[in-house]
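The chain contents come next:
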Amino acid sequence: MGLNAVDNAQPTIDQLQASLNPSSEPNNKIIKSHPTPADPFRESVYNLIPIEYIPPEKQKQYRSKFADQARREYVSGQKTAASMGPAKVFVNGTDGFLKKGDGASLKPKVKAHTPERVMRKAEVPKDKPVIIDTSKKDFIKLNALENINSSAKKPQNNTPAYRFKQDYGKTPTYILKKRQSEAEKEFSMEEMEEALMSSPQGKQQAQMMKEGLVPLPEEERGKILDGLKKNWEKLNSDYQKLSLTVDTVPKIARKVNMEKQLRQLETHIAKFSHSNILVNFNSVYKNA
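As a starting point, this report considers the structure included with it. Model, not experiment: these values are computed from the prediction.

Thoughts on the overall build of the protein chain
Each helix and strand counted, the protein chain has ten helices and four strands in total. Listing every helix and strand of the protein chain by position from the N terminus yields α-α-β-β-α-α-α-α-α-β-α-α-β-α. For the protein chain, the proportion of its 288 residues judged to be buried stands at 6%. In the protein chain, once contacts between residues fewer than 6 apart in sequence are set aside, the share between residues at least 24 apart is 54%. As displayed, the protein chain offers around 28,700 Å² of accessible surface, 56% of which is attributable to carbon and sulfur atoms.

Shown next as structure tokens:
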């Protein structure tokens, strides 16, 4: 508390210099005192020395070389009475109102119309025009004779004559090709049945084919088996990610449904893991 009271009672350095040199002329140097510290325990003796701050010289202000030209153009384009009218306007006296007959004197004087001011057209030519003799032909009679002596025009028949085509009345080629392909298919089926009937296993296979049982190709069986395994792996990974606490109805239903799908996929994988799989197409068509 004592230190603060002493600090507040001391005059500043600027006040001391002003009291010592009251008649000193101001210099370009600006003398500043150090600010009073917020914490009095951090006060230093060196802060009593005044700070001499010399301000930097101001740079020369830029002035365009077209400044005078722009000023002259701006001043020359101004109108003295553009917005507020002329500075001084003549005001008529109280007896300077219009009277009867004064309107004619106020009308502007227009130069009277004279014929010299009108642009005259070119004069009419005085030479007689040359009249060409008309033809003595009778075009009506000539046209009638030409039509009488001419032969009648034949009508144009643009409808195509299909009976003159080369393949008229013949079977189209696409039908012939289709018949040929069906005949070849029947012949190949007959050959296959004959080959199958030559052996006991072939007879059994032929009997099965008649009943609608067809062996599934090995390549197709492998593709189906790979697809089933991939579906099972994906569904199993989703099943493993389920939460351990199944405490709501949607969670229970989802878990039961996934378990059912997994069991179904496992049965299908077990079926397609065996070779010599027969497909019954008759049952498929009946269900469809």
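Re the side chain of Arg221
Mapped onto the elements of the fold, Arg221 is located in helix α8 (residues 218–240). Overall, Arg221 belongs to the buried group, its relative accessible area being 11%. Reaching out from Arg221, the side chain makes a polar contact with the backbone oxygen of Phe272 at a distance of 2.5 Å. Those residues within four positions of Arg221 in sequence are excluded, and the remaining contacts are Leu216, Phe272, Ser273, His274, Ser275 and Ile277.

Structural notes on the packing of aromatic side chains
Given two aromatic rings, one states the distance between the centres and the angle between the planes to describe the pair. Inspection of every chain in the model, using the stated rule, returns zero aromatic pairs. Positioned above the aromatic ring of Phe97, the side-chain terminus of Lys99 is 5.7 Å from the ring centre.

Re the pattern of salt bridges
Where charged atoms of side chains with opposite charge meet at close range, the side chains can pair. Tallying each qualifying case throughout the model produces six salt bridges. Close ionic contact of Glu219 with Lys223 constitutes a salt bridge, the shortest N to O distance being 3.9 Å. Taken together, the residues span about one helical turn, with Glu219 and Lys223 both in helix α8 at a distance of four residues. A salt bridge links Asp238 to Lys234, with the nearest nitrogen and oxygen atoms 3.7 Å apart. Residue Asp238 and its partner Lys234 are both found in helix α8; the two are separated by four residues, about one turn of the helix. In the salt-bridge network here, residues are joined through shared partners; they are Arg63, Asp68 and Arg71.

Observations regarding helix α9 (residues 249–272)
Under the 1.5 Å per step criterion, the end-to-end length of α9 is 35 Å for 24 residues, consistent within 8% with the ideal 34 Å. Taken together, the buried positions of α9 are occupied by Met258, Leu262, Leu265 and Ile269.

A few points about the environment of Val246
Here Val246 lies in the loop between α8 and α9. For Val246, a relative accessible area of 28% corresponds to the partly exposed category.

As for the packing of α8 against α9
Two elements in contact, α8 and α9, have axes separated by 10 Å at closest approach and are oriented at 155°. Judged by the angle between their axes, α8 and α9 are roughly antiparallel. Between α8 and α9 the crossing geometry is left-handed. Touching Arg221, Ile224, Leu225, Leu228, Lys229, Asn231, Trp232, Leu235, Asn236, Asp238 and Tyr239 of α8 are Lys255, Met258, Glu259, Gln261, Leu262, Leu265, Glu266, His268, Ile269 and Phe272, all from α9.

Observations concerning the nonpolar core
Counting residues in hydrophobic clusters, the biggest one holds seven residues: Leu225, Leu228, Leu235, Met258, Leu262, Leu265 and Ile269. Considering each element in turn, this core owes the most residues, four residues, to α9. Excluding residues that lie within four positions of it along the chain, Leu265 makes contacts with Leu228, Asn231, Trp232 and Leu235.

Structural notes on a negative patch on the surface
On the surface, Glu182, Glu186, Glu190 and Glu191 cluster together to form a negatively charged patch. Residue position: Glu190 is located in helix α6 (residues 173–197). Looking at Glu190, the relative accessible area reads 46%, which means it is partly exposed.

Definitions and limits used
- Going along each chain's sequence as written, the residues are numbered from 1 onward.
- Local features in a predicted model are, by the rule used here, given only for residues with pLDDT of at least 70; side-chain atom pairs are given and counted only at 80 or more, and totals for whole chains, interfaces and linings are based on all residues.
- Neither water nor hydrogens contribute to the side-chain values; these are computed over all heavy atoms in the structure.
- Runs of E in the DSSP output that reach at least two residues are strands. Runs of H or I that reach at least four are helices, and both are numbered from the N terminus.
- With a 1.4 Å probe rolled over the protein chains alone, any residue whose accessible area is under 20% of its type maximum counts as buried; one over 50% counts as exposed, and the rest are partly exposed.
- Only heavy atoms enter the contact rule, under which two residues are in contact if any of them lie within 4.5 Å.
- The protein chains shown are the only cover counted for residues, whose accessible areas, like all others here, come from Shrake-Rupley with a 1.4 Å probe.
- In protein, a polar contact requires one atom able to donate a hydrogen and another able to accept it; more generally it is a pair of N or O atoms within 3.5 Å, and residues adjacent in sequence count only if both atoms are side-chain atoms.
- Aromatic rings from Phe, Tyr and Trp, with only the six-membered ring used for Trp, were paired whenever their centres fell within 6.5 Å, and each pair was classed as stacked if the ring planes differed by under 30 degrees, edge-to-face if by over 60, and tilted otherwise.
- A ring is considered to have a charge above it if a Lys NZ or an Arg CZ atom is located within 6 Å of its centre and within 35 degrees of its normal.
- One speaks of a salt bridge when a side-chain nitrogen belonging to Lys or Arg is within 4 Å of a carboxyl oxygen belonging to Asp or Glu.
- Each residue after the first adds 1.5 Å to the expected span of a helix.
- Angles shown run from 0 to 180 degrees and are taken between the N-to-C directions of axes, each axis being a line fitted to C-alpha atoms and, for helices, limited to the stretch in contact.
- In these notes the angle categories are as follows: under 35 degrees is roughly parallel, over 145 is roughly antiparallel, 65 to 115 is roughly perpendicular, and the rest is oblique.
- For a crossing to be left-handed, the near helix must be turned anticlockwise from the far one by less than a right angle; the clockwise case is right-handed.
- Think of a nonpolar core as a cluster: buried Ala, Val, Leu, Ile, Met, Phe, Trp, Tyr and Cys residues, connected wherever their side-chain atoms sit within 4.5 Å.
- Within this analysis, patches are made of residues with over 30% relative accessible area and no salt bridge. Like charges are joined at 9 Å or less; nonpolar side chains (Val, Leu, Ile, Met, Phe, Trp, Tyr) at 5 Å or less.
- Charged-residue counts in this description rest on Lys and Arg as positive and Asp and Glu as negative, His and the chain ends being excluded.
- A charge is said to be at NZ when it belongs to Lys, at CZ for Arg, at CG for Asp and at CD for Glu.

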